[in-house]
Amino acid sequence: MSRPAEIEVVADGEAPARRAAEAFASAARRAVSERGLFTVALSGGATPRAAYGLLAAEPLRSAIAWERVHLFWGDERCVPPEHSDSDYGMAHEALIAHVPIPPENVHRLHGEDDPGEAARAYAAELRSAVPARAASRADLPVLDLVLLGLGDNGHTASLFPHSAALHETERLVVATEVDAAVRRRLTVTVPVINAAREVVFLVQGAAKADVVRRVLEGPYEPDELPAQLVAPDPGRLTWLLDEAAASALDRGR
Ligand code: 6PG
């Protein structure tokens with residue numbers, strides 16, 4: 001049974017990005033001291049860019065043992081890495097190009113390859129680069145941290161409403177077609193997200209207020225709201241919201 005999510009509402013502006021960057025840095029410190037490495041899946045979209053920029057700047061840049069960090073992605077668009085829609089490309093511009101992370105520690109999804117091939121290859125890379133939980137039956141790779149965003153239709157990573165990907169229980173990564181500007185995507189599946197030690201949603205802006213309320217306080221309807229499938233067990237789930245994104249929540253008003 002997964003534990004209840006923690007909801008952290010921070011002031012608008014740069015506070016959410018700073019809080020997300022701090023969460024990344026503390027998860028990295030904990031993982032490196034306990035297991036000698038830190039495995040994290042980054043999210044795409046626009047929201048996390050500011051947090052990635054804070055990780056690439058002092059004081060956080062020097063606070064992180066980049067040689068022990070392994071970057072993954074929760075999803076990717078089926079475009080080449082230099083394409084303006086590439087999630088890897090955004091992270092490279094905002095973070096990777098500015099920190100001393102060894103290139104072999106950057107495990108990007110190959111959006112430029114055949115989607116089925118790329119999904120199979122990434123699942124193999126996750127299995128080989130991310131340790132499983134000791135004596136766990138499913139031998140799922142256990143990421144130390146998964147960063148997620150939330151689409152205004154309730155999607156997260158590239159798990160979109162009514163998609164077959166939502167019900168995938170065997171494969172770690174699938175190719176999928178979604179109702180978005182960039183239709184062909186690669187995404188990790190729910191079991192990978194829910195095996196993580198920690199999952200953090202970073203959601204900002206009034207435009208997300210209604211979907212945040214529906215996901216957190218509305219009826220459980222994961223086919224409509226795939227973000228409701230995120231329930232790490234035994235890992236920790238935190239929703240990092242700015243005031244505007246949290247403005248429709250009851251939250252004991
Ligand atoms: C992507 C992301 C996606 C994103 C949401 C929110 O590749 O687009 O993985 O899940 O997090 O769509 O995007 P914004 O932060 O741009 O609102």
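Residues numbered from 1 in each chain as written. Predicted model: local features only at pLDDT ≥ 70, side-chain atom pairs only at ≥ 80, totals over all residues. Heavy atoms only, no water.

A. Spotlight on the overall build of the chain. For the chain, the helix and strand inventory stands at 7 helices and 9 strands. Rg of the C-alpha trace for the chain: 17 Å, near the compact-globule value of 18 Å for 253 residues, within the 12% margin. If you line up the chain on its principal axes, its C-alpha atoms span 45 × 40 × 40 Å. Residue burial in the chain is summarised as follows: out of 253 residues, 54% are buried. Long-range contacts, defined as pairs at least 24 residues apart, comprise 74% of the intrachain contacts of the chain with a sequence gap of at least 6. Total accessible area computed for the chain in this model is approximately 11000 Å², and 51% of it derives from carbon and sulfur atoms. (Helix = DSSP H or I, 4+ residues; strand = E, 2+ residues; numbered from the N terminus. Rg over C-alpha atoms; globule rule 2.2 N^0.38 Å. Buried < 20%, exposed > 50% of the residue type's maximum accessible area, 1.4 Å probe, protein only. Contact = heavy atoms within 4.5 Å. Areas by Shrake-Rupley, 256 points an atom, 1.4 Å probe, with all protein chains shown as cover.)

B. Structural view of the side chain of Thr187. Positionally, Thr187 belongs in strand β7 (residues 184–188). For Thr187, a relative accessible area of 0% puts it in the buried group.

C. The packing of aromatic side chains, seen in detail. A full pass over the atoms with the stated rule returns 5 aromatic pairs. Between Phe24 and Trp66, the aromatic rings sit 6.1 Å apart at their centres with planes inclined by 35 degrees, giving tilted as the arrangement. With Phe24 in helix α1 (residues 15–35) and Trp66 in the loop between α3 (60–63) and β3 (69–73), this residue pair connects regions lying 42 residues apart in the sequence. Residue Phe24 shares its accessibility class with Trp66, and that shared class is buried. Residues Phe201 and Trp239 carry aromatic rings whose centres are separated by 3.8 Å and whose planes lie at 10 degrees to one another, so their mutual orientation is stacked. Separated by 38 residues along the polypeptide, Phe201 in strand β8 (residues 198–203) and Trp239 in strand β9 (residues 236–242) bring together distant segments of the chain. Of the two residues, Phe201 and Trp239, neither departs from the other in class, the shared state being buried. One aromatic cluster in this structure is built from Phe24, Phe38 and Trp66. Stacked on the ring of Tyr88, the Lys or Arg Arg108 has its end atom at 5.6 Å from the ring centre. (Phe/Tyr/Trp six-rings, centres within 6.5 Å; stacked < 30°, edge-to-face > 60°. Lys NZ or Arg CZ within 6 Å of the ring centre and 35° of its normal.)

D. Representation of the site of the ligand in the model. By nearness alone, 15 residues border the ligand, and Thr47, Arg77, Asp87, Ala157 and Lys208 come closest of all. Contact distances for the ligand include 2.7 Å between an oxygen atom and a side-chain N or O atom of His155. One nitrogen or oxygen atom from the main chain of Ala157 is found 2.7 Å from an oxygen atom belonging to the ligand. In isolation the ligand has 420 Å² of accessible area, and contact with the protein removes 86% of it. More than half of the atoms belonging to the ligand lie within 2 Å of the grid points that define the largest pocket. (Near = heavy atom within 4 Å. Polar contact = N/O pair within 3.5 Å; in protein donor to acceptor, adjacent residues only side chain to side chain. 1 Å grid on protein atoms, 1.4 Å probe; cavity = no way out; pocket = protein on both sides within 12 Å on 5 of 7 lines; lining within 4 Å. Sits in = over half its atoms within 2 Å of the grid points.)

E. View of the pairing of strand β5 (residues 145–148). The two faces of β5 match: Leu145 and Leu147 on one face and Val146 and Leu148 on the other face are all buried. Where strand β2 (residues 38–42) and β5 come together, 2 bridges link them in parallel fashion. For Val40, the partnering residue across the bridge sits in β5 and is Leu145. For β5 and β8, the ladder comprises 3 bridges, and the chain directions are parallel. Across the sheet, the residue bridging to Leu148 is Phe201, located in β8. (Pairing = 2+ DSSP bridges.)

Everything listed here is a matter of geometry and, on its own, says nothing about what the molecule does.
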